Each structure stands twice: as C-alpha cells, then as structure tokens.
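# Notes for the structure review
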Amino acid sequence: MSTTELPASHAELMDGVYRWQRHIYDLTRKYYLLGRDRLISDLDVPAGGSVLELGCGTGRNIILAARHYPDARFFGLDISAEMLETAGTAIGREGLSSRVVLARGDATDFDAAALYGIERFDRIFVSYSLSMIPGWEKTVSAALAALAPGGSLHVVDFGQQEGLPGWFRTLLRGWLRKFHVAPRETLREVLESESRRTGATFRCRTLYRGYAWLAVIGPLNLTSPLMGEVAPKARVGVKR
C-alpha cells in the first residue's frame, strides 16, 4: 500500500497523537510497555535472516533487535510519518541505516514487495500496536501471509489484567484511552484461530498477572527458552 492510499483518518490521528509525544515516548513507555525485551530476545533470528516490525514507532524495538542480531536485516512499518521521522533519526544516530529500512504503510494491508523489495520475512513482530490499530485482526492475517516458510510471528500486547486489582485496571484503561489504546479482549482467541487456520503452532504466555500477553505463532520446529516446549498445533500454553 502506498502512502497515498493510507486511511487518512487513522494516519492523521496517529500523527496528531504523536507529533509531540514522540519526543518523550520512550522515556515514558518503558514503565508500562512490559515484555518488549523478552519478545526481542525470543526472536531467535537465523543468520542472514529478515525481520519486519509492524508498528515500529520510534524505532526503539528495531534498534535493540538489530543490535541483538547483527547478521540480520530489519524492516519497519508505521502509519505515522511523525513516528517514522523519529525512528529514522534514531536509527541513523546508531549507525544502523544500512541494515534497517523504514516505510510508511497500513499494517492491516501492506505490499511488502512494493515497500521493501522483499515479499517474505523470517520473523515478524508486533509490540503494543494491535491495541491501537482499527481492524487489528487484519494485521494478524497480513503478517502471517508475509511470513517465509519456517517463519514465526511474535506478539506482545496488553492482556486483560485479570490477576491485578480492579482499581489498577480502571486506572490503566483510563490512561490508555487518552492515547486511543484499547486492550483487545479477543487477542488470544484470534491468534489461536489464525494459527489453526494456517496449521502453525501457537504458544501464549501471560506476564505480570495478566498485565500483558506474549504470543508466538510459528512452525512445529520452533523452540524457545522463554516459551518452553513446543505445544501441539493451536494449543494455548499454560498461564504463568
């Protein structure tokens, strides 16, 4: 999808939200976007592999991942031109411009070949973006369609905070609404359904008493120190 075809209302909304927030985003979000570093360490990118982040924002995650996997190529997609400006500056400052390619696009409907000159990726990850994307279910389908054979999709996002006090849930959700963020109640079910549809494995771990969900849709031979033993197709992992 070209930048001229982006859904104007959502693109403009995100640019408006983050025009100033992007300058302090990483300083503030580190306190409540929990589990991002676990996701990155769990990617297990093969040497020379390709990695796509949907909703790359300020570039914080993609920079950490590029450091962690120095032999891999990285690609970032975001709908906000404001966020991409910040990400591009940060990536250049880190000397990673030769390994990281950014593009503006809609995560629910993107043409990877047109944007990056590559159609499939070994790893795709989405960090706290599905809770912001209208029609977020389409993002999951689009990501799975862009996976290379043997690839995996990694997701971390807000859970339902079921193990936390009610007052905490109320305060958190009120705060998140200020930024047009809504924890997706059906996230786990949608990921499991999509894994079943594609014949892939599905594993989901609950973090911090339900504060966040960390999930992987991947091939049968995918193993991970974080996620433990490979589960049967489309079986949800044990809550922890």
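As a reminder, the structure under discussion sits directly above these lines.
Our subject in this report is the structure included herewith.

Rules of the game
Residues numbered from 1 in each chain as written. Predicted model: local features only at pLDDT ≥ 70, side-chain atom pairs only at ≥ 80, totals over all residues. Heavy atoms only, no water. Helix = DSSP H or I, 4+ residues; strand = E, 2+ residues; numbered from the N terminus. Buried < 20%, exposed > 50% of the residue type's maximum accessible area, 1.4 Å probe, protein only. Contact = heavy atoms within 4.5 Å. Areas by Shrake-Rupley, 256 points an atom, 1.4 Å probe, with all protein chains shown as cover. Phe/Tyr/Trp six-rings, centres within 6.5 Å; stacked < 30°, edge-to-face > 60°.

### Describing the overall build of the protein
Secondary structure assignment for the protein yields 9 helices and 7 strands. Put simply, the protein has 240 residues, and 56% of those count as buried. Taking contacts inside the protein between residues at least 6 apart in sequence as the whole, the part at least 24 apart equals 74%. A total accessible area of about 10,900 Å² is found for the protein, and carbon and sulfur atoms account for 54% of it.

### Some thoughts on the packing of aromatic side chains
This model, assessed by the stated rule, comprises 7 aromatic pairs. Between F75 and Y116, the ring centres sit 5.2 Å apart and the planes meet at 65°, which makes this aromatic pair edge-to-face. With a gap of 41 residues between them, F75 in strand β2 (residues 73-78) and Y116 in helix α6 (residues 112-116) connect regions that are remote in the sequence. Y116 carries the same exposure label as F75, and that label is buried. Look at W167 and F168: their rings are 6.0 Å apart centre to centre, the planes differ by 80°, and that puts the pair in the edge-to-face class. In this structure W167 comes out as exposed when scored by relative accessible area, which is 57%. What makes F168 partly exposed here is its relative accessible area of 27%.

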